[in-house]
Amino acid sequence: MNLDHMAAGLMRLLPPERAHALAFAMLKRFGQTSRGRNAHGKLAVNLFGLSFANPVGLAAGFDKNAEAIDGLLNLGFGSIEIGTVTPRPQSGNPRPRLFRLTSDRAIINRMGFNNDGHEAVARRLEERRGRGGLVGVNIGANRDQEDPAADYVAGIRRFAQLASWLTINISSPNTPGLRGLQEAGTFDRLLGRCLEAREAVPSPRRVPLLVKIAPDLNEKQLASLIETSVDMGVSGLIISNTTIARPPLKAKRLAEEKGGLSGLPLFTPSTAMLARARQLAGPKLPLIGVGGIHDAHSAWSKLVAGADLVQVYTGFIFEGPRFAQHIKSGLSKELAKRNFDAISDARDIETARWAAAWPPQD
């Protein structure tokens, strides 16, 4: 067993949220120096006007409050997405609300957008101006907001000049009614208000605006959402958030917990959905693949299925601090084996194969 797996194993002896707090304390200390941020040769990616040192990003949910950005970047991630952040602070759902399904390499969470709110998070981002690294901000709506679109507009106004990109999170299963914002008509109106708010920001730079969607959409819903996104000029889609589905799991008791499932069981359905989204969207719309990445091979699969970038979360929890470095090393070996000049050359080479698995069979 290597040191990474030993560290991850020790963390799993603690309750999940306590382990998370300990990891953050270590990452804050690790963030005092800058290393591991240089472009990784053929792995560099240019997307929506940004230069990513490598395609491996950390998904929203790990650093909700912008507390450990530099420590995380120093682990070799090409980007970090913080959040989800809501206008007002909120404590989230009652504990316990985070469950490790170790035998399934999965997590179920019903955190409920627990975060420090716009002002606290914006202050931390302002304090690290000039320190480098690509940092996106994932924005959401407070649980008791009667007009959720107003909260997304507020997030755009507050973070447009601080974020490398903004992500509209309308796909968490842990805020009542939130996923309904993905429905046709409702999504159009929300997106219109968000794009209008972005255009009104007094800045020479138009911040990229992405949308994170659920893996539980059907073909009709996915096609409608993508058509609207392309027509209205969304900068990209993140595919996908956690799932409310429960495929066969080894951890039978924990599988009954409510919340979003992430990790290895999500890999195949989310990758098939990603490939189908690429077919529907065409070659120009940037797509970020998330869901079940647990090693370099699964990251490669997302890219060849149609992703421009990937993001990880649960795999990082289980595999330890050198997870991003291991993935980058594996991707570099794949490029060398295939004699590709850049990671972007791999995109779409297996889209048709992966899309054939969509939609998932019951």
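All figures in this text were calculated on a predicted structure; none of them were measured in a lab.

The rules behind these values
- Residues numbered from 1 in each chain as written.
- Predicted model: local features only at pLDDT ≥ 70, side-chain atom pairs only at ≥ 80, totals over all residues.
- Heavy atoms only, no water.
- Axes fitted to C-alpha atoms, helices over the stretch in contact; angles between N-to-C directions.
- Helix = DSSP H or I, 4+ residues; strand = E, 2+ residues; numbered from the N terminus.
- Parallel < 35°, antiparallel > 145°, perpendicular 65-115°, else oblique.
- Left-handed = near helix turned anticlockwise from the far one by under 90°.
- Contact = heavy atoms within 4.5 Å.
- Nonpolar A, V, L, I, M, F, W, Y, C, P; charged D, E, K, R; others polar.
- Core = buried A, V, L, I, M, F, W, Y, C linked by side-chain atoms within 4.5 Å.
- Buried < 20%, exposed > 50% of the residue type's maximum accessible area, 1.4 Å probe, protein only.
- Pairing = 2+ DSSP bridges.
- UniProt positions renumbered as here; feature names shortened; annotations may be inferred.
- Polar contact = N/O pair within 3.5 Å; in protein donor to acceptor, adjacent residues only side chain to side chain.
- Expected span 1.5 Å × (residues − 1).
- Arc of directions from axis to C-beta.

Trainee: What's the story with the packing of helix 7 (residues 219-232) against helix 9 (residues 267-281) in this structure? I'm lost.
Mentor: One way to put it is that helix 7 packs onto helix 9 with a least axis distance of 10 Å and a crossing angle of 50 degrees. Relative to helix 9, the element helix 7 lies oblique. Between helix 7 and helix 9 lies a crossing of right-handed hand. On helix 9, the residues that touch E219, L222, A223, I226 and V230 of helix 7 are M273, R276, A277, L280 and A281. Tallied by class, the residues present in the contact of helix 7 with helix 9 amount to eight nonpolar, no polar and two charged.

Trainee: I tried to follow the packing of helix 9 against helix 10 (residues 296-305) on my own but got confused; where do I start?
Mentor: Axis angle and axis distance: for two packed helices, these are the angle between their axes and the distance between the axes, and together they describe the pair. Across the interface, helix 9 lies against helix 10 with an axial gap of 8 Å and an inter-helix angle of 20 degrees. One element, helix 9, and the other, helix 10, form an angle in the roughly parallel class. Between helix 9 and helix 10, the contacting residues are F267, S270, T271, L274, A275 and R278 on the first element and S298, S301, K302 and A305 on the second. Its residues placed into classes, the contact of helix 9 with helix 10 shows four nonpolar, four polar and two charged.

Trainee: In this structure, what is going on with the nonpolar core? I would like to understand it.
Mentor: Across soluble globular proteins, nonpolar side chains have a tendency to be buried as a group. Ranked by internal contacts, the top residues of the largest apolar core, which has 101 residues, are L125, Y152 and F159. By residue number, the principal contributor to this core is helix 9, which donates seven residues. Once you skip the residues sitting within four places of it in the chain, Y152 turns out to touch I139, G140, A141, I168, N169, I170, L178, L181, L190 and C194. With nine residues, the next largest nonpolar core counts I108, L249, A251 and A255 among its residues.

Trainee: Honestly, the sheet that holds strand 6 (residues 106-109) in this entry has me stumped. Any pointers?
Mentor: Strand pairing within a sheet occurs via backbone hydrogen bonds; the two strands may be parallel or antiparallel. Spatially, 5-6-11 is the arrangement adopted by the three strands of the open sheet, whose pairing is antiparallel. Edge positions in the sheet fall to strand 5 (98-101) and strand 11 (260-263), since each of these pairs with one other strand and no more. For this sheet, the mean inter-axis angle between neighbouring strands, taken without regard to orientation, is 20 degrees. Sheet topology note: the strand 5/strand 6 ladder contains four bridges and is antiparallel.

Trainee: Where do I start with the UniProt feature "binding site: substrate" (unreviewed entry) in the protein in this structure?
Mentor: Under the local residue numbering, the UniProt record ascribes the feature "binding site: substrate" (unreviewed entry) to K64, N109, R110, M111, G112, F113, N169, N174, N241 and T242. On the basis of relative accessibility, which here comes to 4%, the residue F113 falls in the buried class. Sequence-distant contacts of F113, that is, excluding residues within four places in its chain, are made with T84, T86, Q90, G140, A141, N169, S172, T175 and L178. The residues contacting N169, other than those within four sequence positions of it, are T84, F113, N138, I139, Y152, L178 and N241. There is a polar contact of 3.1 Å between the side chain of N169 and the backbone nitrogen of S171.

Trainee: Whenever I open this one, the environment of A356 confuses me. Can you help?
Mentor: When you line up the elements, A356 lands in the segment after helix 13 (351-355). Along the backbone, A356 and F316 are 40 residues apart, and their C-alpha atoms lie at a distance of 28 Å.

Trainee: Looking at this structure, how should I read helix 12 (residues 323-338)?
Mentor: Since the α-helix packs 3.6 residues into each turn, any two residues three or four apart lie on the same face. The terminal C-alpha atoms of helix 12 lie 23 Å apart, and with 16 residues this matches the ideal 22 Å at 1.5 Å per residue to within 8%. Taken as a whole, helix 12 has its buried residues at F323, A324, I327, K328, G330, L331, E334 and L335. Projected down its long axis, helix 12 shows its buried positions confined to an angular sector of 165 degrees, all on one face. Across helix 12 from its buried face, at more than 90 degrees, point the exposed residues K333, A336 and K337. Where the residues of helix 12 are buried, they touch strand 3 (56-58), helix 10, strand 13 (309-312) and helix 11 (314-319). A positive backbone phi angle near 60 degrees is found at N339, which sits one or two residues after helix 12.

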